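Structure assessment
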Amino acid sequence: MESLEAITASIEKRIGELEAMASDIVDRYWEQVMRFENSNPGWKNKSGLRLRCYRKGNYLRIEWTGLKWYGAKAGGSGPVLKYIPKGKGAHIYPLSRIFGYAKEWEKPLIEATEKKLAWIRREAFHLNKALFSIRYAKAVAMQAELVEE
């Protein structure tokens, strides 16, 4: 049972490392977007995308959302964030879905960023599956201990 605890701790540590890597990639993406937007003021140069990374338990989420504006002709306007789906069972966003919200200047940046994030999503997914399997193994080990008594 002790070895299962050690394996769980090791996997959780790796998920933490992946979270740190993904956060760094997301931060670098935002630095480049802000640098461009600050040097090229105006609404036509503002990114229509949001990228975020967060962890909920041992589940690592790295998501793109699109920003659309509503009500501009009615006098009052506001932003609406639209979740961009990856696709069932996919760990990578189809670039065509992201590019629907992107400005031309940011497309190469998005492509490079998404390529780096896709493998992190994939590894985190498999690590999370491994944690589930270990939980089941622990349950079986505990039942076996009860039977032996």
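Focus: the overall build of the protein chain
A tally of helices and strands in the protein chain yields three helices and three strands. Along the protein chain, helices (α) and strands (β) appear in the sequence α-β-β-β-α-α when read from the amino end. The C-alpha atoms of the protein chain give 21 Å as radius of gyration, which overshoots the globular expectation for 149 residues (15 Å, by more than 25%). In terms of principal-axis extent, the alpha carbons of the protein chain reach across some 75 × 30 × 25 Å. For the protein chain, the residues scored as buried account for 32% of the 149 residues in total. When the accessible area of the protein chain is evaluated, it comes to approximately 9,600 Å², of which 57% is carbon and sulfur surface. Once the 26 positive and 18 negative side-chain charges of the protein chain are each reduced to a mean point, those two points are 13 Å apart.

A closer look at the pattern of salt bridges
By the definition in use, this model includes nine salt bridges. For the salt bridge of Glu-63 with Arg-52, the shortest nitrogen-to-oxygen distance reads 2.8 Å. Taken together, the residues span a long stretch of sequence, with Glu-63 in strand β2 (residues 59-70) and Arg-52 in strand β1 (residues 49-56) at a distance of eleven residues. With a relative accessible area of 4%, Glu-63 lands in the buried category. Judged by its relative accessible area of 45%, Arg-52 falls in the partly exposed class.

Regarding the environment of Trp-43
Residue placement: Trp-43 occurs in the loop between α1 (2-39) and β1. Setting aside chain neighbours within four positions, we find Trp-43 in contact with Trp-69 and Lys-103.

Comments concerning the sheet that holds β2
Strands sit in the order β1-β2-β3 across an open sheet of three strands; the sheet is antiparallel. Two strands close off the open sheet at either side, each with one partner strand: β1 and β3 (78-83). With direction set aside, neighbouring strand axes in the sheet form an average angle of 35°. For β1 and β2, the ladder comprises eight bridges, and the chain directions are antiparallel. Residue Arg-52 lies in a different strand from β2, and its bridge partner there is Glu-63. Sitting on the sheet, α1 is in contact with β1 and β2, with an inclination near 165° to β1.

Conventions used here
- Residues numbered from 1 in each chain as written.
- Predicted model: local features only at pLDDT ≥ 70, side-chain atom pairs only at ≥ 80, totals over all residues.
- Heavy atoms only, no water.
- Helix = DSSP H or I, 4+ residues; strand = E, 2+ residues; numbered from the N terminus.
- Rg over C-alpha atoms; globule rule 2.2 N^0.38 Å.
- Buried < 20%, exposed > 50% of the residue type's maximum accessible area, 1.4 Å probe, protein only.
- Areas by Shrake-Rupley, 256 points an atom, 1.4 Å probe, with all protein chains shown as cover.
- Lys, Arg positive; Asp, Glu negative; His and termini not counted.
- Charge placed at Lys NZ, Arg CZ, Asp CG, Glu CD.
- Salt bridge = Lys/Arg side-chain N within 4 Å of Asp/Glu carboxyl O.
- Contact = heavy atoms within 4.5 Å.
- Pairing = 2+ DSSP bridges.
- Axes fitted to C-alpha atoms, helices over the stretch in contact; angles between N-to-C directions.

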